[in-house]
Amino acid sequence: ALNNSNFSDTAHGLAAAVEASGLQVLLGYTDYDIATEERLLRAMLARRPEGVIVTGGSHTPAARRMLETAGVPVVETWDLLADPIEHSVGFSNAEATASLVRQLHAQGYRRMAFMCGEPGRDARGAERRRGFEEAMRELKLRGGRVVTVGQAPVSMAHGAQAVAQLVEQWPEVQALVCVSDHAAFGALMECQRRGWAVPQRLAIAGFGGFEVSTVCHPRLTTVAVDCVGIGRSAGELLLRAIDAARKGERLPAETVMVPFRIELREST
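Every value quoted in this text rests on a predicted model; they were computed, and no experiment measured them.

### With respect to the overall build of the protein
Assigned secondary structure in the protein consists of nine helices and 12 strands. Radius of gyration (C-alpha) of the protein: 19 Å, near the 18 Å computed for a compact globule of 268 residues. Oriented by its inertia axes, the alpha-carbon framework of the protein measures out at about 60 × 35 × 30 Å. A sequence separation of at least 24 residues applies to 70% of the contacts in the protein between residues at least 6 apart.

### Re the pattern of salt bridges
In the structure shown here, the tally under the stated rule is 19 salt bridges. Among the salt bridges present, the one from glutamate 190 reaches arginine 193, with a minimum N-O distance of 2.8 Å. Here the residue glutamate 190 and the residue arginine 193 both occupy positions in helix H7 (residues 181-194), the gap between them amounting to three residues, near one helical turn. According to the relative accessible area criterion, glutamate 190 is buried, its value standing at 11%. Look at arginine 193 and you get exposed, because its relative accessible area is 61%. Salt bridges sharing common partners tie together Arg64, Glu68 and Asp83.

### Thoughts on helix H9 (residues 227-246)
For H9, with 20 residues, the first-to-last C-alpha span of 29 Å sits near the 28 Å given by 1.5 Å per residue. Three or more residues of H9 are buried, namely Cys227, Gly229, Ile230, Gly231, Ala234, Gly235, Leu237, Leu238, Ala241, Ile242 and Ala244. Where H9 is buried, its residues meet helix H1 (8-18), strand S3 (52-55), strand S4 (74-77), strand S5 (87-90), strand S10 (222-225) and strand S11 (255-257). Glycine 248 occupies a position one or two residues after H9 and carries a positive phi of about 80°.

### Comments concerning the packing of aromatic side chains
A complete count under the given rule lists four aromatic pairs for this structure. On the basis of an interplanar angle of 65° and a centroid distance of 5.8 Å, the ring pair of tryptophan 78 and phenylalanine 91 is categorised as edge-to-face. Taken as a pair, tryptophan 78 in the loop between S4 and S5 and phenylalanine 91 in the loop between S5 and helix H4 (93-106) lie far apart in primary sequence, 13 residues in all. We classify phenylalanine 91 as buried; its relative accessible area is 1%. Taking 6.3 Å as the distance between ring centres and 55° as the angle between the ring planes, the aromatic pair formed by phenylalanine 91 and phenylalanine 260 counts as tilted. Note that phenylalanine 91 is positioned in the loop between S5 and H4 and phenylalanine 260 in strand S12 (residues 260-263), a separation of 169 residues in sequence. Through a chain of ring-to-ring contacts, three or more aromatic side chains come together here, namely Trp78, Phe91, Phe207 and Phe260. In this structure, arginine 128 packs its charged tip against the face of phenylalanine 207, placed 3.8 Å from the ring centre.

### Quick word on the pairing of S5
A two-sided burial pattern is seen for S5, the buried positions comprising His87 and Val89 on one face and Ser88 and Gly90 on the other. Across three bridges, the pairing between S5 and S11 is parallel. Bridge pairing in S11 links serine 88 to threonine 255.

### Focus on the environment of glycine 150
Following the sequence through the fold, glycine 150 ends up in the loop between strand S7 (146-148) and helix H6 (156-169). What makes glycine 150 buried here is its relative accessible area of 18%. Taking C-alpha positions, glycine 150 is 5.7 Å from glutamate 118, a pair spaced 32 residues apart along the chain. Every residue in contact with glycine 150, bar those within four places of it in the chain, is listed here: Gly117, Glu118 and His158.

### With respect to the pairing of S4
Burial along S4 is two-sided: the residues Val74 and Glu76 and Val75 and Thr77 are all buried. In this structure, S3 lies alongside S4, joined through four bridges in parallel fashion. Across the sheet, threonine 55 pairs through a bridge with threonine 77, a residue of S4. Running through helix H3 (residues 61-68), the crossover from S3 to the neighbouring parallel element S4 is right-handed.

### Structural notes on the sheet that holds S11
Taken in spatial order, the four strands make up an open sheet running S3-S4-S5-S11, and their pairing is parallel. Among the strands making up the open sheet, the edge pair consists of S3 and S11. Averaged over all pairs of adjacent strands, the angle between strand axes in this sheet comes to 15°, irrespective of strand direction. Contacting S3, S4, S5 and S11, H9 runs over the sheet at an angle of about 165° to S5.

Cut-off values and rules
- Residues numbered from 1 in each chain as written.
- Predicted model: local features only at pLDDT ≥ 70, side-chain atom pairs only at ≥ 80, totals over all residues.
- Heavy atoms only, no water.
- Helix = DSSP H or I, 4+ residues; strand = E, 2+ residues; numbered from the N terminus.
- Rg over C-alpha atoms; globule rule 2.2 N^0.38 Å.
- Contact = heavy atoms within 4.5 Å.
- Salt bridge = Lys/Arg side-chain N within 4 Å of Asp/Glu carboxyl O.
- Buried < 20%, exposed > 50% of the residue type's maximum accessible area, 1.4 Å probe, protein only.
- Expected span 1.5 Å × (residues − 1).
- Phe/Tyr/Trp six-rings, centres within 6.5 Å; stacked < 30°, edge-to-face > 60°.
- Lys NZ or Arg CZ within 6 Å of the ring centre and 35° of its normal.
- Pairing = 2+ DSSP bridges.
- Right-handed = clockwise from strand over helix to strand, strands pointing away.
- Axes fitted to C-alpha atoms, helices over the stretch in contact; angles between N-to-C directions.

Following this line, the structure appears as structure tokens:
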């Protein structure tokens, strides 16, 4: 199994799903770098695993070929993929962000901005940005207010940097949608440091439903994702596929949708 940083809950769900089967989970951390994923895949496949789980559906051409020809079940997670290699477990990052924007619109926010990392490294972040932009067009609101700072994974420090840039460039913005809860927390702390009231001066929302969103003050509005559930569902699907392979059969490709929910809290 491969796993990116900040997905420890998914790994726990995966381990819980397979622990009774006698299988051992080998984790590799790519830090959002698909070239690193390719190197890890080559090393892991040399150990002849019975199945592979990867985070995300963005791979180098060589990595995709390795997965397609590995001869073992493959499960891609955390995305809703148009062209999965075989099995997939996840949700639409674009639709999740669009749903958040619609909820903020229902609360009365009109001038919104999006904060993310620099393009080209974080496919899920790019999908969340796409969802933001599509929702803004759907609601007939002005788009284009996007702040990009740093490379994925976007940090709390990047969030702090982004909110300062945002207020300088677009002081009229009412709400900032961040690519992750960690970035949103950094933005919130910078607002407090500068004396900008949240949500009165600027509303802030994150993505992920991580613990940090529930323990800060004000608590962060977020898109809550069942990280453990993604890992558990991926593990259960992989076990069924492995069981079929051991019988000389192939489990038909499956896509498992994991629900998300919008949690409106005091930051908006």
